[in-house]
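Summary of structural features
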Amino acid sequence: MNPLKKIYQILLSLNTSLWLLLIITALFIAGAFIMPDNPGFGSIDIPLFDWLKRQNLESVWWLWGTIGVLSLLSVNTLFCSIDSIIKKRRVTHWLLLISPQVIHTGFLFMLLAHLLGASGSYHGEAAVAEGSAVKLSGGDILAIKNIEIETDDSGYLSGWGVDIEYNHSGNFTESARISPNSPFIYKDLNIMVKDVQAYPEAALLQVSRDPGAVWALAGSILFTLGILTLIALRMKMEKT
Amino acid sequence: MQILLASSFGAYLFALFRKEFIYAGVLLQLAYLLFRASELGRLPLVGPHDTIVFFTACAAAFSLPFGRLMKGEKAFGNIISVSSALFTALALVYEPRNFPLPPVLKTFWFETHVVLAFMSYALFGVAAVFGYLYLKAPQSLAETLQYKAVLIAYCLFTLSMIFGGIWAYLAWGTYWLWTPKELWTSILWIFYSFYLHARLRQWWAGRPAAVLGIAGFGVVMFTYLGVSLLMKSSHSF
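Right, let's talk about the overall build of chain B for a bit. Within chain B one finds eight helices and zero strands. Helices and strands appear in chain B in the N-to-C order α-α-α-α-α-α-α-α. Overall, chain B is about 50 × 40 × 25 Å in size when its C-alpha atoms are taken along their principal axes. Here chain B holds 237 residues, and 58% of them are scored as buried. Pairs at least 24 apart in sequence give 80% of the contacts found in chain B among residues at least 6 apart. Total accessible area computed for chain B in this model is approximately 9700 Å², and 71% of it derives from carbon and sulfur atoms. Once the 16 positive and 8 negative side-chain charges of chain B are each reduced to a mean point, those two points are 8 Å apart.

Dropping the structure here:
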C-alpha cells in the first residue's frame, strides 16, 4: 500500500485516537509525579516554550512528549471529524452528526489556546504604592489612584477595591476599579491585584498577557454547546 | 448539628434493610449542609469535611433514579448504602473548616466550579457501581446505565473545568496553573474521554468498558483525596 495512504488511514482511525489518549494519560501521570520536584513550574512568567528550552530534559520530557502526542491527536481529531461528516451526512440527523464535531472543534480551540499561550504569554508582578505608577513594556503606564481595604468584624481581609488609571502609550487614559475576581481586562492583557497592604497603602499588581484566553473561552462554549446538544438528542431519541 | 451527620450515617446503614432509609440519609445530609451554610453565610464546600458530605449526599441522591431503573437488583442499593455510610464516617473524622473565605473564593464561578465537580465525582462513583454489577452478572442494562452515568458526569465535569478556568483567569490572570491538581484533573478528563470513545469500538464494549468505569473512579478518588492529601496544590480540596 502507498505509504502516504497508510499514514492517512492511521490518522483517520479511532484506534489511533484511543492509543494517543492512553499515551497522554501515561505522560500526564508521569508528569504529576515529576513536576513537584521542579519548583519552577510554580513561577513560569515567560512563554512556556521558552521556559521549557531552559529546563533539564529530566524534569520536562513528559511535557515535550505530551506536546508531540497532542499535535498528533489534533490532526487525528480533525481528520476523523471531516471523515465523519462526509460519510454520515446522508444517513444521520444533522444535529446528531454535527454535535460531536462541535465538541471536537471546541477541543481543538482549547488546544490552540494552549499553543498560543505557550508561545506568547507572560506575567509580571510589582508592588505599587497608592498615588504612584509603573511603566509597562510597550510604554503603557499603570497608576494606582486609590486603595480601599475591607475587613470583617474579626479583622479578616474581606475584600478590596483599587482604582487605577491605564494610559495607552500616552494616547488615551482609561479608569477602572479592580477588586477580587474583577480584573481590568484590555485585549489579551489582564491586570489584577494579588494582594494589598494597609500601612503604607500599596497593592501587589500582576500584569499578565495570554493570547490564548479568548480561544479557550470560545472552545469552552463550543464544547459545552456540543455536549449538551448531544445529551439532549440522546434523551429525546430514547423517549421516542 | 453534627448529630444530623451522625444520624445520616445510621440512616445509610439502615438502608441495607429498608431501602427507603437512603432518602432519610440524603435529607439529613442536605439539612446538615443547609445549617452549615446559614451558620457560615457561605457555601459550605471548603475542606475535606464539607466536600465529603456533599459528595456522599450527591452520590446517594443520584443513585435513587438509577436504582429505580435497576429494579430487583438489591446489590446496587446495598453498595450505595455501605459506601455512603463509609464516606459519612470519613467526613466525621475531619474537622469542619469554619473560617471566612478569602476574597477570591467569594464568587459564583468558584461555587459553581466546586458544586459541579463534586456532582460529577458522585456520578462517576455511581457508574463504577454499575461496572462492578456488570462484572458480577453481565447484563446490558448495567453497562448502559454505566455509560449514561459517565456521559452526564463527563458533561458536568467539563463544565466544572470550564467554570474553574474562567474563575482562575479572573482571580489569578491565567486559566491554567501548573500544579498536580490541575494535571490530575486533566488525567481524569482524558481518561473518561478515552472511555467514551473506546465504547464505540466493539472490542471495548462490555467487560473492558465496565473495568474502565471502575478504574476511572480510582482516578476520581486520587484526584479528589490523594492529590489534596499527598501533593502540594492550589486546591485545598
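All names here are of chain B. Locating leucine 135 in the fold gives a position in helix α5 (residues 108–136). Judged by relative accessible area, leucine 135 falls into the partly exposed class, the value being 25%. Each C-alpha atom, one on leucine 135 and one on proline 208, is 9.4 Å from the other, the two residues being 73 residues apart in sequence. With residues up to four places along the chain from it excluded, the contact list for leucine 135 reads Arg207, Ala210, Val211 and Ile214.

Let us look at the side chain of A:Ser121. Here A:Ser121 lies in the loop between α5 (94–120) and β1 (122–129). Aside from chain neighbours lying at most four places away, what touches A:Ser121 is A:Ile46, A:Pro47, A:Leu116, A:Arg209, A:Asp210 and A:Pro211.

Ranked by size, the top nonpolar core spans 112 residues in total, and within it A:Phe41, A:Trp62, B:Phe55, B:Trp178 and B:Tyr192 carry the most contacts. Residue contacts for B:Tyr192: discarding those within four places in its chain leaves B:Phe124, B:Val150, B:Tyr154, B:Gly213, B:Gly216, B:Phe217 and B:Val220. Core analysis: the second largest hydrophobic core is formed by 19 residues, A:Leu136, A:Ile147, A:Ile164 and A:Leu189 among them.

Attention now goes to the domain arrangement of chain A. Here the domain parsing of chain A yields domain 1 (3–121 + 214–239) and domain 2 (124–209). Domain 1 of chain A and domain 2 of chain A are separated by 35 Å when their C-alpha centres are compared.

All names here are of chain B. Evaluated as defined, the whole model comprises 36 aromatic pairs over all chains. Aromatic side chains phenylalanine 55 and phenylalanine 217 sit 6.5 Å apart centroid to centroid with 15° between the ring planes, which places their arrangement in the stacked category. You can see phenylalanine 55 sitting in helix α3 (residues 48–69) and its partner phenylalanine 217 sitting in helix α8 (residues 207–230), a full 162 residues away along the chain. We note that phenylalanine 55, like phenylalanine 217, is buried. Between the aromatic rings of phenylalanine 108 and phenylalanine 163, the centroid separation amounts to 6.1 Å while the plane-to-plane angle is 55°, which identifies the pairing as tilted. Remark: phenylalanine 163 occurs in helix α6 (residues 140–172) and phenylalanine 108 occurs in helix α5; sequence separation between them is 55 residues. The exposure class of phenylalanine 163 is buried, given its relative accessible area of 17%.

The subject of this paragraph is the confidence of the model for chain B. Summing up the model confidence of chain B, the mean pLDDT is 92 and the portion of residues at 70 or higher is 97%. Per-element mean pLDDT across chain B ranges from 92 in α8(B) up to 96 in α5(B).

Here we come to the pairing of strand β8 (residues 202–209) of chain A. Two faces make up the sheet, and in a regular strand the side chains alternate between them. All names here are of chain A. With six of eight residues buried, β8 lies mostly within the body of the structure. Pairing analysis gives eight bridges linking β1 to β8, with the strands arranged antiparallel. Each residue of the ladder has a partner; that of valine 128, found in β8, is alanine 203. Relative to β8, strand β7 (residues 189–197) is paired through eight bridges, and the arrangement is antiparallel. Bridged to methionine 192 within β8 is glutamine 206. The hairpin turn running from β7 into β8, its antiparallel successor, is four residues long.

Residue and element names in this part refer to chain A. Spatially, β1-β8-β7-β6 is the arrangement adopted by the four strands of the open sheet, whose pairing is antiparallel. At either end of the open sheet lies a strand with only one pairing partner, and these are β1 and β6 (184–186). Recorded for the sheet is a direction-independent mean angle of 20° between the axes of neighbouring strands. Taken together, the three bridges between β6 and β7 define a ladder with antiparallel strand orientation. Across the sheet, isoleucine 185 pairs through a bridge with asparagine 190, a residue of β7.

Let us now look at the environment of B:Gly67. Tracing the sequence through the fold places B:Gly67 in helix α3. Classification of B:Gly67 by relative accessible area gives partly exposed; the value is 26%.

All names here are of chain B. For the structure on display, the rule yields zero disulfides over all chains. Cysteine 155 provides the cysteine sulfur closest to cysteine 58, a residue in no disulfide bond, and the two sulfurs are 15 Å apart. Of the residues examined, cysteine 58 reaches a relative accessible area of 9% and is grouped as buried. The buried category is assigned to cysteine 155, whose relative accessible area is 5%.

Residue and element names in this part refer to chain A. Within this structure, the stated rule accounts for nine salt bridges over all chains. Residues glutamate 125 and lysine 194 are paired through a salt bridge, measuring 2.8 Å at the closest nitrogen-oxygen approach. A residue pair is termed long-range when its members are at least 10 positions apart, and glutamate 125 in strand β1 and lysine 194 in strand β7 qualify at 69 residues. For glutamate 125, a relative accessible area of 40% corresponds to the partly exposed category. Arginine 177 is the partner of glutamate 148 in a salt bridge, and the nearest nitrogen-oxygen pair spans 2.8 Å. A residue pair is termed long-range when its members are at least 10 positions apart, and glutamate 148 in strand β3 (residues 141–151) and arginine 177 in strand β5 (residues 172–178) qualify at 29 residues. Linked by salt bridges that have partners in common, Glu148, Asp163 and Arg177 make up one network.

Parameters at a glance
Residues numbered from 1 in each chain as written. Chains lettered and ligands numbered in written order. Predicted model: local features only at pLDDT ≥ 70, side-chain atom pairs only at ≥ 80, totals over all residues. Heavy atoms only, no water. Helix = DSSP H or I, 4+ residues; strand = E, 2+ residues; numbered from the N terminus. Buried < 20%, exposed > 50% of the residue type's maximum accessible area, 1.4 Å probe, protein only. Contact = heavy atoms within 4.5 Å. Areas by Shrake-Rupley, 256 points an atom, 1.4 Å probe, with all protein chains shown as cover. Lys, Arg positive; Asp, Glu negative; His and termini not counted. Charge placed at Lys NZ, Arg CZ, Asp CG, Glu CD. Core = buried A, V, L, I, M, F, W, Y, C linked by side-chain atoms within 4.5 Å. Domains from an automatic or database assignment. Phe/Tyr/Trp six-rings, centres within 6.5 Å; stacked < 30°, edge-to-face > 60°. pLDDT = per-residue confidence, 0-100. Pairing = 2+ DSSP bridges. Axes fitted to C-alpha atoms, helices over the stretch in contact; angles between N-to-C directions. Disulfide = S-S within 2.5 Å. Salt bridge = Lys/Arg side-chain N within 4 Å of Asp/Glu carboxyl O.

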